[in-house]
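# Overview (structure and organization)
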Amino acid sequence: MRFLLDTEQRAFADSLHAMLAAADTPTVIRDWSRGDHASGRALWARVAEAGVFALAVPEAYDGVGPLPVELAVAFVELGRHAVPGPLVETVTAAALLTGPGLAERFLPPLAAGGTMATVAATGYALDGDAADLHLALSPDGLRLSPGPGPVRPCLDPARRLTPLAPGGELLTAGPPLDDALTWARLATAAQALGVGLALLDTTVAHVGRRVQFGVPIGSFQAVKHRLADAKIALEFARPLVFGAAVTMDPADAAAAKLSACEAAYTTARTALQLHGAIGYTAEYDLSLWLTRARALRTAWGGPDGCRDLVLSRAVGRR
């Protein structure tokens, strides 16, 4: 099955790509990593103005959705440019806050970008020091946490992990966990696909410039094979991502996340090998995408958990 974006969806992707390409996201990412959120919040406002967060919010609450396919289109571009911040978590919060009273209270500012949300499912929340809304999933339901604790180190410096303070207002005893997890995994998968595509493009350009034995290393057959493997993995992941956006089935979202994150991780390893020693340096922009690919691999369910869900669903259908 082929999933082709229509003219309007392609124009949306192109407009986001142009906006983010002009935003100098490497500088934004490094500011965010240091805890300086000014440039990141400015970019967040522009992303919200483009309507990205409104895609996850129903029209009744000032959104334009839910439109999961368009959301996947947007998150591919956000991943391609490694935009920092709790992007997936804000979408997940919109899916959690659909109950009576909660939607009216929380969804309009989420759609407009005025509220940056984070969610702690287990352990730590992403970017709790920057978020305005802190949601914690506890044994008794969904709580509005009083706030974040200290920032903990992460493999990706731009993903600032914080514990959330216990207690707080109980918003609902029965949040829609399956729906929220499906949205989270779809957005993570699309983001990972974008990260992988950016890594592949950067690496192809690099091997075309780097010369060994008087010729570009991109002309070596072994290099071509590594790049071809990465390209195939990403292109196999793409229809799974958009297929999951069409069905919004939990198993499909898990399959998309598994495939896209593994493809991005494979591409990151290839990019690191073909760049050589410079790829290991934090000063080189490639590192910002390398660490993001590694971190997304375990966000909202690692490979084993996603694989188990896909297999259990397949066995159940027999």
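Above: the structure in question.
Below you will find a few notes about this structure. None of these values were measured; they are calculated from a predicted model.

What follows covers the packing of aromatic side chains. The tally for this structure, following the rule as stated, stands at one aromatic pair. Consider the rings of Trp44 and Phe53, whose centres lie 4.6 Å apart with planes at 25°: the pair is stacked. Take Trp44 and Phe53: they sit in the same class, and that class is buried. Stacked on the ring of Tyr265, the Lys or Arg Arg297 has its end atom at 4.3 Å from the ring centre.

Moving on: the sheet that holds strand β1 (residues 117–120). Here four strands make up an open sheet; going across it, the order is β1-β3-β4-β6 and the pairing mixed. Because the sheet does not close on itself, it has two edges, and the strands there are β1 and β6 (169–172). Averaged over all neighbouring strand pairs, the angle between strand axes comes to 30°, with direction disregarded. Along the sheet face, helix α5 (residues 87–96) touches β1, β3 (133–138) and β4 (141–144) and points at about 75° away from the line of β1. In the packing of helix α6 (residues 102–112) onto the sheet, the strands contacted are β1, β3, β4 and β6, and the crossing angle to β6 comes to about 95°.

It is worth spelling out the environment of Pro148 at this point. Mapped onto the fold, Pro148 is located in the loop between β4 and β5 (161–162). By relative accessible area, Pro148 is classed as partly exposed at 35%. Separated by 18 residues in the primary sequence, Pro148 and Pro166 have C-alpha atoms spaced 9.5 Å apart. What Pro148 contacts, discounting residues up to four positions off in sequence, is Gly128, Asp129, His134, Thr162, Pro163 and Leu164.

Further remarks concern the packing of helix α4 (residues 68–80) against helix α7 (residues 177–209). At a minimum axis distance of 6 Å, the contact between α4 and α7 shows a crossing angle of 40°. One element, α4, and the other, α7, form an angle in the oblique class. In this structure, α4 meets α7 at a crossing whose hand is right-handed. Residue-level contacts link Pro68, Leu71, Ala72, Phe75, Val76, Gly79 and Arg80 of α4 to Trp183, Leu186, Ala187, Ala190, Gln191, Leu193, Gly194, Val195, Leu197, Ala198 and Asp201 of α7. Residues belonging to the contact of α4 with α7 are distributed by class as follows: 13 nonpolar, three polar and two charged.

Per the counting criterion, the structure on display carries one cavity of 30 Å³ or more. Considering only enclosed or pocket space, the largest cavity measures out at about 80 Å³ in volume. Around the largest cavity, the lining is made up of 15 residues, and of these Gly85, Leu126, Arg159, Gln191 and Arg292 lie nearest the centre. Secondary-structure elements contributing two or more residues to the lining of the largest cavity are α5, α7 and α10 (286–296). When residues of the lining of the largest cavity are assigned to their parent elements, the largest contribution, three residues, is made by α5. Its residues placed into classes, the lining of the largest cavity shows eight nonpolar, three polar and four charged.

Looking now at the state of the cysteines. What we call a disulfide is simply a covalent bond connecting the sulfur atoms of a pair of cysteines. Taken as a whole, this structure holds zero disulfides when the rule is applied. Left without a disulfide partner, Cys261 is nearest to the cysteine sulfur of Cys306, which lies 7.4 Å away. Assessed through its relative accessible area of 2%, Cys261 is described here as buried. Residue class for Cys306 comes out buried when judged on its relative accessible area of 1%.

To continue, consider the layout of surface pockets. For the largest pocket, the calculated volume is near 400 Å³. In this structure, the largest pocket is lined by 18 residues; those nearest its centre are Tyr124, Arg159, Thr298, Ala299 and Trp300. Taken together, the elements giving at least two residues each to the lining of the largest pocket come down to β1, β2 (125–126) and α10. Among the residues making up the lining of the largest pocket, the classes are represented as 12 nonpolar, three polar and three charged.

Here we come to the nonpolar core. Ranked by size, the top nonpolar core spans 94 residues in total, and within it Phe75, Leu97, Leu135, Leu199 and Val241 carry the most contacts. In terms of residue count, α7 provides more of this core than any other element does, 15 residues in total. What Leu97 contacts, discounting residues up to four positions off in sequence, is Leu102, Ala103, Phe106, Leu107, Leu110, Leu133, Leu135, Leu142 and Leu171.

A word on the pattern of salt bridges. Using the criterion set out here, one finds 13 salt bridges in the structure. One salt bridge connects Asp285 with Arg30, and the closest N-O pair in it is separated by 2.8 Å. Linking Asp285 in the loop between α9 (250–275) and α10 with Arg30 in helix α2 (residues 25–33), this pair joins segments that are 255 residues apart in sequence. For Asp285, a relative accessible area of 33% translates into the label partly exposed. On the basis of relative accessible area, Arg30 is assigned to the partly exposed category, the value being 25%. Taking the shortest distance from any N to any O, the salt bridge between Arg238 and Glu235 comes out at 3.0 Å. In this pair, Arg238 and Glu235 are both assigned in helix α8 (residues 221–247), three residues apart and thus about one turn of the helix distant. Note on Arg238: relative accessible area 27%, which makes it partly exposed.

Rules of the game
Residues numbered from 1 in each chain as written. Predicted model: local features only at pLDDT ≥ 70, side-chain atom pairs only at ≥ 80, totals over all residues. Heavy atoms only, no water. Phe/Tyr/Trp six-rings, centres within 6.5 Å; stacked < 30°, edge-to-face > 60°. Buried < 20%, exposed > 50% of the residue type's maximum accessible area, 1.4 Å probe, protein only. Lys NZ or Arg CZ within 6 Å of the ring centre and 35° of its normal. Pairing = 2+ DSSP bridges. Helix = DSSP H or I, 4+ residues; strand = E, 2+ residues; numbered from the N terminus. Axes fitted to C-alpha atoms, helices over the stretch in contact; angles between N-to-C directions. Contact = heavy atoms within 4.5 Å. Parallel < 35°, antiparallel > 145°, perpendicular 65-115°, else oblique. Left-handed = near helix turned anticlockwise from the far one by under 90°. Nonpolar A, V, L, I, M, F, W, Y, C, P; charged D, E, K, R; others polar. 1 Å grid on protein atoms, 1.4 Å probe; cavity = no way out; pocket = protein on both sides within 12 Å on 5 of 7 lines; lining within 4 Å. Points joined across faces, edges and corners; volume = space filled by probe spheres on them. Disulfide = S-S within 2.5 Å. Core = buried A, V, L, I, M, F, W, Y, C linked by side-chain atoms within 4.5 Å. Salt bridge = Lys/Arg side-chain N within 4 Å of Asp/Glu carboxyl O.

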